[in-house]
Amino acid sequence: MSSPEKMASLAVVNYEALANKDAAEVQKLVTACQTVGMFYLDLRGPSTNAIFEDIPTIFKTGHAFFNLPHDSNEKTQSAREGMERGYHAGKGFEYYEIARDEYQLGKWVLPATFEPEKERITRTINSFHGAIQTVVAELCAALDIRIPELSDDAAVPSDTALKLLYKPPMHEPGHVIHPWHTDFGLATLLWYDEVTTQIPIYDKEGKQTDDWETVPVIDGTVLINVADELAAQSGGRLHSTVHRVVAPPGPKRVRNGIIYLLRPYKV
Ligand SMILES: O=C(O)CCC(=O)C(=O)O
Ligand SMILES: [Fe+2]
């Protein structure tokens, strides 16, 4: 059952403070990841501020790309079979995933529609990478978790990626457009400016119920959640967050999303 009036209350962690290893901020992060596994990261600060201008433009460009005919050269040439990277389309969804390793090494060919926004895309990948890498590094340091694969070097192959998501305006507000799941990898960063994410309500014994709460939007923040590999590496001390996605409120419209997946393991 969906209960849109139930709202989640998640911690807000400040990225600048975390990057400066502020002890109270690190503790807030650790507590959030040991409990719900999901929190807001406030990215209003000199090193990440540009994303607030860059992302609306990237969405607009994404729109132009996703609205190209399915048999257009840009789409067919961006499709890669059997892998997540590149362009993919299915029933009710499309996405375009840019692999960080190839992109940073200059080996990634952007579709022509995205080419004028290369600088913004680069800036966004760098900001998101710095943010999520800092989060995971601080968690690992605080809890003595060792992840040798956690490298900042783009020359080390990984499945870390920026993913642009597009869902056509098919569904009424609140309709589940991405069923519940946990994420693969270490952690996921989700650009968040519409109330589309829900997390389960747990009972007193910590068992997941059929009830959901909606995550409110907080300006200037992104959502971060712990994913399966980080929870496993922590020996169960960190919580890989169950979540699902619902259609945005208001009239039926396109759902634009952008996520950054920290996945240093090559699969
Ligand atoms: O569409 C979204 O907001 C996020 C989708 C998601 O949870 C995922 O791709 O893992
Ligand atoms: Fe997810």
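Quick notes on the rules
- Residues numbered from 1 in each chain as written.
- Chains lettered and ligands numbered in written order.
- Predicted model: local features only at pLDDT ≥ 70, side-chain atom pairs only at ≥ 80, totals over all residues.
- Heavy atoms only, no water.
- Helix = DSSP H or I, 4+ residues; strand = E, 2+ residues; numbered from the N terminus.
- Buried < 20%, exposed > 50% of the residue type's maximum accessible area, 1.4 Å probe, protein only.
- Contact = heavy atoms within 4.5 Å.
- Areas by Shrake-Rupley, 256 points an atom, 1.4 Å probe, with all protein chains shown as cover.
- Lys, Arg positive; Asp, Glu negative; His and termini not counted.
- Charge placed at Lys NZ, Arg CZ, Asp CG, Glu CD.
- UniProt positions renumbered as here; feature names shortened; annotations may be inferred.
- Near = heavy atom within 4 Å.
- Polar contact = N/O pair within 3.5 Å; in protein donor to acceptor, adjacent residues only side chain to side chain.
- Nonpolar A, V, L, I, M, F, W, Y, C, P; charged D, E, K, R; others polar.
- Donors = N, O, S within 2.8 Å, 3.2 Å for Na, K, Ca; no water.
- Salt bridge = Lys/Arg side-chain N within 4 Å of Asp/Glu carboxyl O.
- Core = buried A, V, L, I, M, F, W, Y, C linked by side-chain atoms within 4.5 Å.
- Axes fitted to C-alpha atoms, helices over the stretch in contact; angles between N-to-C directions.
- Parallel < 35°, antiparallel > 145°, perpendicular 65-115°, else oblique.
- Pairing = 2+ DSSP bridges.

Colleague: Honestly, the overall build of the chain in this entry has me stumped. Any pointers?
Modeller: In terms of regular secondary structure, the chain is built from 7 helices and 12 strands. Oriented by its inertia axes, the alpha-carbon framework of the chain measures out at about 50 × 45 × 35 Å. The buried share of the chain, taken over its 267 residues, is 52%. If you take every contact in the chain between residues at least 6 apart in sequence, the share linking residues at least 24 apart comes to 76%. Just so you have it, the chain exposes about 12,300 Å², and 54% of that area is on carbon and sulfur atoms. Measuring between centres, the 26 positive side-chain charges of the chain sit 2 Å from its 36 negative side-chain charges.

Colleague: Looking at this structure, how should I read the UniProt feature "domain: Fe2OG dioxygenase" (unreviewed entry) in the chain?
Modeller: On the UniProt side, "domain: Fe2OG dioxygenase" (unreviewed entry) is annotated at positions that read residues 157-264 here. The span residues 157-264 shows a helical share of 6% and a strand share of 45%, and its end C-alpha atoms are spaced 8 Å apart.

Colleague: When you look at the site of ligand 1 in this model, what are you seeing that I'm missing?
Modeller: With respect to spatial proximity, the complete set of residues near ligand 1 consists of Leu165, Lys167, His178, His181, Asp183, Leu190, His243, Val245, Arg255 and Ile259. In this structure, an oxygen atom belonging to ligand 1 sits 3.1 Å away from a side-chain N or O atom of His181. Across the complex, the protein chains shield 92% of the 300 Å² of accessible surface that ligand 1 would expose by itself. Of the residues contributing to the shell around ligand 1, the split by class is 4 nonpolar, 3 polar and 3 charged.

Colleague: Explain the environment of Asn67 here, please?
Modeller: With respect to the element layout, Asn67 can be found in the loop between α3 (51-66) and α4 (73-78). Along the primary structure Asn67 and Pro168 are separated by 101 residues, whereas in three dimensions their C-alpha atoms are 9.7 Å apart. Once you skip the residues sitting within four places of it in the chain, Asn67 turns out to touch Lys75 and Tyr166.

Colleague: Would you explain the environment of Val217 in this entry?
Modeller: Along the chain, Val217 falls in the loop between β9 (208-214) and β10 (221-226). The spatial distance from the C-alpha of Val217 to the C-alpha of Met170 is 22 Å, given a sequence separation of 47 residues. Residues in contact with Val217, not counting those within four places in the same chain, are Tyr192, Asp193, Glu194 and Val195.

Colleague: I'm lost on the coordination of the iron ion (ligand 2) in this one. Help?
Modeller: Six octahedral donors around a metal ideally sit at 90 or 180 degrees from one another, while four tetrahedral donors ideally sit at 109.5 degrees. At 2.1 to 2.2 Å from the iron ion (ligand 2) lie its protein donor atoms, namely His181 (NE2), Asp183 (OD) and His243 (NE2). Sequence spacing of the donors to the iron ion (ligand 2): H-x1-D-x59-H. Note that Asp183 is positioned in the loop between β6 (176-181) and β7 (187-191) and His243 in strand β11 (residues 243-246), a separation of 60 residues in sequence. Considered together, Asp183 and His243 belong to a single accessibility category, that of buried residues.

Colleague: Would you mind showing me how to read the pattern of salt bridges here?
Modeller: Two side chains bearing opposite charge may form a pair once their charged atoms approach each other closely. A complete count under the given rule lists 20 salt bridges for this structure. The closest approach of N and O atoms between Arg123 and Asp54, which form a salt bridge, is 2.8 Å. Pair noted here: Arg123 is in helix α6 (residues 118-143) and Asp54 is in helix α3, with a separation of 69 residues, a long-range link. Here Arg120 ties to Glu117 by a salt bridge, and the two come within 3.1 Å at their closest N and O atoms. According to the relative accessible area criterion, Arg120 is partly exposed, its value standing at 24%. A relative accessible area of 16% means that Glu117 is categorised as buried. Counted as one network, the salt bridges with shared partners bring together Asp54, Glu117, Glu119, Arg120 and Arg123.

Colleague: Could you clarify how one ought to interpret the nonpolar core in this entry?
Modeller: Looking at soluble globular proteins, one finds that nonpolar side chains tend to be buried together. By size, the foremost hydrophobic cluster in this structure holds 55 residues, and its most contacted members are Phe39, Leu41, Tyr96, Ile98, Ile121, Phe128 and Leu230. Among the elements that line this core, the one with the most residues is α6, at 10 residues. Setting aside its immediate chain neighbours within four residues, Ile98 contacts Tyr103, Trp108, Leu110, Ile121, Ile125, Thr160, Ala161 and Leu162. Leu10, Tyr95, Val215 and Leu261 belong to the second largest nonpolar core, which has 13 residues in total.

Colleague: Would you explain the packing of helix α2 (residues 23-34) against α6 in this entry?
Modeller: Relative placement of two packed helices is described by the angle separating their axes and the distance separating the axes. Axis separation between α2 and α6 bottoms out at 10 Å; the angle between their running directions is 90 degrees. Of the possible angle classes, the one that applies to α2 and α6 is roughly perpendicular. Contacts between α2 and α6 involve Val26, Leu29, Val30, Cys33 and Gln34 on the former and, on the latter, Val135, Glu138, Leu139, Ala142 and Leu143. Classifying every residue of the contact of α2 with α6 gives 8 nonpolar, 1 polar and 1 charged.

Colleague: I would appreciate a short explanation of the sheet that holds β9 in the present structure.
Modeller: By way of backbone hydrogen bonds, the strands of a sheet pair with one another, either parallel or antiparallel. Pairing in this open sheet of 4 strands is antiparallel, and the strands run β6-β11-β8-β9 from one edge to the other. A strand with exactly one partner marks an edge of an open sheet, and here the two such strands are β6 and β9. Averaged over all neighbouring strand pairs, the angle between strand axes comes to 30 degrees, with direction disregarded.

Colleague: Help me out: how do you make sense of the pairing of β9 in this one?
Modeller: Regular strands have side chains that alternate between both faces of the sheet. The sheet contact formed by strand β8 (residues 197-202) and β9 spans 4 bridges and is antiparallel. Across the sheet, residue Ile199 finds its bridge partner in β9, namely Glu213. Between the end of β8 and the start of β9, which pair antiparallel, lie 5 residues, with Gly206 showing a positive phi angle near 85 degrees.

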